[in-house]
Amino acid sequence: MAEMSSSSDAGSGELCEICNKLNLETRNNREPGEYFLGAYARIKASKNCPFCCMIFAAYPRTWRQPQDEITTDWNEQGFTTAMGARNLVFLNEETATSAHGSARVVQPQIDPELMKKWLKLCETHHTNMCAPNLALRTSDNPSGLDILRVIDVQDQCIVDAAHGMRYIALSYVWGQVIPAVRLQKDNKAFLGTKGGLLRIRLRLPHTISDAIDLVGGIGERYLWIDNLCLVQDDEDDMLHGIAHMDLVYKGAILTIIAAQGTDANAGLPGLRPSSRKVKQNIVEVLPGVRMTTTRGVYDALSNSRYSTRGWTAQELILSHRCLIFADDGIWFRCRSNCWGEDTIY
């Protein structure tokens, strides 16, 4: 389960006089509005009030002066803070009458059904905005790829994609990892036979191996990964693939963004038991009323190694839909919306 925040992170006493007027017992059953919380210095000094402590922790501190007046707006995202990077919301998934300002407890292991739901919601409601492009060359798409290889996660081999085939792409950082196995001229036939990948799975970097399992876990079959889908010692194949990399990511129904860690052995946190520690601060602001802080996906990516690489940033931008694995959570971002593990919608 997610960890409750300690008294050093959030006040363990009663609400202060100002925060008591917020009527937090009504949870998210409230109209949009602005709330005045007093001077920044007052909030900083209010160490026993749990809501003041949450506000203080959520606000950027580098540009705040003690006399600055702090306000928070209640809207569909919850109580919003400066710059909109972090929001204070209620943990009331079971009783919420509205998704606005509500969140759920994040579990240590991810829920594949939730990810399948995200994809289905986007495919059903965002058809015009988020549908992938054609990747392969056709008479209607003369600038497409001549060939697109993908991993068949069901038959555990590398195959040529057919026109209109659904596939997922992986975007990740190699770091200092030297791949023990990659697609080459001398193993191309072997890796193209059914079950060929099973013999090398233990030699694959953790992120690649996890991505293969994740694709099967959410009910999809085909996965594109540069290291196993471009012939690494074939100059013509590599040049063609690199020159048309944008088509690969634009054509994927979803891109897995492995933004955590510093190399290809970081894995996808939360996919396997004990592979991550949830960092969700949960604060009881009133008896029986629990709140937590949510953050936007780009705030979560801001300090990642992934976000510092121009190549991976391009892949993130080009992809119509992304499943983003960051150090402290997972988000689904498409061109119309963004949902997190803690999101109720």
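For the structure given in this document, a descriptive report is provided here. Since we're looking at a predicted model, the values are computed, not measured. (Residues numbered from 1 in each chain as written. Predicted model: local features only at pLDDT ≥ 70, side-chain atom pairs only at ≥ 80, totals over all residues. Heavy atoms only, no water.)

Considerations on the overall build of the chain
To be explicit about the condition: Under the scheme used here, helices are H or I runs from DSSP no shorter than 4 residues and strands are E runs no shorter than 2 residues, and both carry numbers assigned from the N terminus. For every residue, the accessible area obtained with a 1.4 Å probe (protein chains only) is divided by the maximum for its type, and the residue is called buried under 20%, exposed over 50%, and partly exposed between those limits. Any two residues having at least one pair of non-hydrogen atoms within 4.5 Å are treated as being in contact. Surface accessibility follows the Shrake-Rupley procedure with a 1.4 Å probe radius. Residue values consider only the protein chains on display as shielding.
Along the backbone of the chain there are twelve helices and 15 strands. Here the C-alpha coordinates of the chain stretch approximately 75 × 40 × 35 Å along the principal axes. When the 345 residues of the chain are sorted by exposure, 50% land in the buried category. Excluding contacts between residues fewer than 6 apart, the proportion of contacts in the chain whose partners are at least 24 apart in sequence is 73%. Summing over all exposed atoms, the chain offers an accessible surface of approximately 16800 Å²; the carbon and sulfur share of this is 49%.

A closer look at empty space enclosed by the protein
We apply this condition: A pocket, in this scheme, is an open set of points on a 1 Å grid over the protein atoms alone with protein on both sides within 12 Å along at least 5 of 7 lines, while a cavity is a set where a 1.4 Å probe fits but cannot get out; residues line either one if an atom lies within 4 Å of a point. Grid points are joined across faces, edges and corners, and a volume is the space filled by probe spheres set on the points. Asp, Glu, Lys and Arg are counted as charged, while Ala, Val, Leu, Ile, Met, Phe, Trp, Tyr, Cys and Pro are counted as nonpolar; the rest, among them Gly, fall into the polar class.
Using the criterion set out here, one finds one cavity of 30 Å³ or more in the structure. Put simply, the largest cavity is a space of about 80 Å³. With three residues, helix α9 (residues 235-243) is the single largest residue contributor to the lining of the largest cavity. Looking at the lining of the largest cavity residue by residue, the class counts come to seven nonpolar, two polar and two charged.

So, the pairing of strand β4 (residues 86-91)
Keep this limit in mind: Think of it this way: DSSP has to see at least two bridges between two strands before they count as a pair.
With five of six residues buried, β4 lies mostly within the body of the structure. Relative to β4, strand β3 (residues 78-80) is paired through two bridges, and the arrangement is antiparallel. By the bridge assignment, Thr80 is partnered in β4 with Asn87. With two bridges joining them, β4 and strand β5 (residues 102-103) adopt parallel strand pairing. Among the inter-strand pairings, Leu91 is bridged to a residue of β5, identified as Ala103.

Structural notes on the pattern of salt bridges
Operational definition: The working definition used for a salt bridge is a side-chain nitrogen of Lys or Arg within 4 Å of a carboxyl oxygen of Asp or Glu.
In the structure shown here, the tally under the stated rule is 15 salt bridges. Salt-bridge contacts for Asp237 lead to Arg149; the nearest nitrogen and oxygen are separated by 2.9 Å. On the criterion of sequence distance, the pair formed by Asp237 in helix α9 and Arg149 in strand β6 (residues 149-152) is long-range, its members being 88 residues apart. Here Asp237 matches Arg149 in class, with each residue buried. Ionic pairing is found between Arg272 and Asp213, a salt bridge with its closest N-O pair at 2.5 Å. Pair noted here: Arg272 is in the loop between β10 (254-258) and β11 (282-286) and Asp213 is in helix α7 (residues 206-217), with a separation of 59 residues, a long-range link. By relative accessible area, which is 32% here, Arg272 ends up partly exposed. Overlapping salt bridges, with partners in common, bring together Asp152, Asp155, Lys194 and Arg221 in one network.

Things to note about helix α4 (residues 112-125)
The α-helix winds at 3.6 residues per turn, so residues separated by three or four positions along the chain end up facing the same way. What counts is decided by this rule: How far a helix is expected to stretch is found by multiplying one less than its residue total by 1.5 Å. In the analysis that follows, any N or O atom pair within 3.5 Å is treated as a polar contact, provided that within protein one partner can donate a hydrogen and the other can accept it, and provided that, for residues neighboring in sequence, both atoms belong to side chains.
Taking 1.5 Å of rise per residue, the 14 residues of α4 would be expected to cover 20 Å, and the 20 Å separating its terminal C-alpha atoms lies within 8% of that figure. Against the buried residues of α4 lie α5 (127-130), α7, β13 (321-326), β14 (329-334) and β15 (338-340). The backbone nitrogen of Glu113 has a side-chain oxygen 3.0 Å away, supplied by the residue at the start of α4, namely Asp111.

Focus: the packing of aromatic side chains
The description of an aromatic ring pair uses the distance of the two centres, along with the angle that the planes make with each other. Convention followed: Ring pairs shown here join Phe, Tyr and Trp side chains whose ring centres sit within 6.5 Å, with only the six-membered ring taken for Trp; geometry is labelled stacked below 30 degrees between planes, edge-to-face above 60, and tilted in between. Over a ring means this: the NZ of a Lys or the CZ of an Arg is within 6 Å of the ring centre and within 35 degrees of the ring normal.
Under the counting rule described, the total for this entry stands at ten aromatic pairs. Between Trp118 and Phe332, the aromatic rings sit 6.1 Å apart at their centres with planes inclined by 40°, giving tilted as the arrangement. Pair noted here: Trp118 is in helix α4 and Phe332 is in strand β14, with a separation of 214 residues, a long-range link. No difference in accessibility class separates Trp118 from Phe332, as the two residues are buried. Joined through ring pairs, the aromatic side chains of Tyr35, Phe51, Trp74, Phe79 and Phe90 make up one cluster. Directly above the ring of Trp74 sits Arg30, whose terminal nitrogen or CZ lies 5.5 Å from the centroid.

Examining the environment of Gly241
Along the chain, Gly241 falls in helix α9. In sequence terms Gly241 and Val231 are ten residues apart; their C-alpha atoms lie 9.3 Å from each other.

Examining the state of the cysteines
In plain terms, the rule: We call a pair of cysteine sulfur atoms a disulfide when they lie within 2.5 Å.
One pass over the structure, following the stated rule, counts zero disulfides. Left unpaired, Cys53 is separated from the closest cysteine sulfur, that of Cys49, by 6.7 Å. Cys53 sits in the buried class, given a relative accessible area of 13%.

Things to note about the side chain of Ser46
Checked against the element boundaries, Ser46 lands in the loop between α2 (40-45) and α3 (50-58). Excluding residues that lie within four positions of it along the chain, Ser46 makes contacts with Cys16, Cys52 and Cys53.

Remarks on the sheet that holds strand β8 (residues 168-171)
Strand pairs in the sheet, formed through backbone hydrogen bonds, run parallel or antiparallel to each other. To keep it simple, the criterion reads: Every angle, taken between N-to-C directions, lies between 0 and 180 degrees, and every axis is a line fitted to C-alpha atoms, over only the stretch in contact when it is a helix.
One open sheet accounts for eight strands, arranged β7-β6-β9-β8-β10-β13-β14-β15; its pairing is mixed. Pairing within the sheet leaves two strands with one partner each, and these edge strands are β7 (157-160) and β15. Neighbour-to-neighbour, the strand axes of the sheet open up by a mean angle of 30°, direction not taken into account. For β6 and β7, the ladder comprises four bridges, and the chain directions are antiparallel.

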